[in-house]
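Next come the chains, spelled out residue by residue.
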Amino acid sequence: MVTTFRDFEKRYDDGFTLSIPCLEFRSGQRVGLVGNNGAGKTTLLLSMLGLLRFQKGDVLVDGRSVRSFDVGWRSQSAAYLGESSLIPFLTPWEFWQFVGDAY
């Protein structure tokens, strides 16, 4: 699997812009994201998963854009949701139902 950022740009209302002219991750690579709070680490990851809309450029997974609603490529990926993203009084099924409804 190859994930490619091309002319990527995500702008926020507060003026912060994450700009990535060209970046590629290949299968088997190990990558660490290091930076201060607000540096764009989460923005990068959410964009890779197709969970965040961005203004410019594209993110491709094996040549397929995450902008499209074709989510078939997601079966080849995985994401860890930390405990801070869970709502403790919901069962797992109720949580996923909530996330789906919110989407």
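If you're wondering where the values come from, they're calculated on a predicted model, not measured in any experiment.

### A short note on the packing of aromatic side chains
Then, number 1: All told, the structure shown has 3 aromatic pairs when counted by the stated rule.
Then, number 2: Seen from their ring centres, phenylalanine 5 and phenylalanine 8 are 5.2 Å apart, and the 85° between their planes marks the pair as edge-to-face.
Then, number 3: A centroid spacing of 6.1 Å and a plane angle of 35° characterise the contact between tyrosine 12 and phenylalanine 16, whose relative ring orientation is tilted.
Then, number 4: Here tyrosine 12 falls in the partly exposed class, since its relative accessible area comes to 32%.
Then, number 5: Put simply, the rings of Phe5, Phe8 and Phe54 pair up and form one aromatic cluster.
Then, number 6: The ring of tyrosine 12 carries the charged tip of lysine 10 above its face, separated from the ring centre by 4.8 Å.

### Details of the pattern of salt bridges
Then, number 1: One pass over the full model with this rule turns up 2 salt bridges.
Then, number 2: Among the salt bridges present, the one from arginine 11 reaches glutamate 9, with a minimum N-O distance of 2.6 Å.
Then, number 3: Looking at glutamate 9, the relative accessible area reads 18%, which means it is buried.
Then, number 4: Between arginine 26 and glutamate 24 there is a salt bridge whose closest N-O contact spans 3.0 Å.

### A word on a nonpolar patch on the surface
Then, number 1: A surface patch of nonpolar side chains, about 250 Å² in accessible area, is lined by Val31, Leu33 and Leu45.
Then, number 2: Tracing the backbone shows leucine 33 in the loop between strand 2 (17-26) and helix 1 (41-48).

The rules behind each value
- Residues numbered from 1 in each chain as written.
- Predicted model: local features only at pLDDT ≥ 70, side-chain atom pairs only at ≥ 80, totals over all residues.
- Heavy atoms only, no water.
- Phe/Tyr/Trp six-rings, centres within 6.5 Å; stacked < 30°, edge-to-face > 60°.
- Buried < 20%, exposed > 50% of the residue type's maximum accessible area, 1.4 Å probe, protein only.
- Lys NZ or Arg CZ within 6 Å of the ring centre and 35° of its normal.
- Salt bridge = Lys/Arg side-chain N within 4 Å of Asp/Glu carboxyl O.
- Patch = residues over 30% accessible without salt bridge, like charges linked within 9 Å, V, L, I, M, F, W, Y side chains within 5 Å.
- Areas by Shrake-Rupley, 256 points an atom, 1.4 Å probe, with all protein chains shown as cover.
- Helix = DSSP H or I, 4+ residues; strand = E, 2+ residues; numbered from the N terminus.

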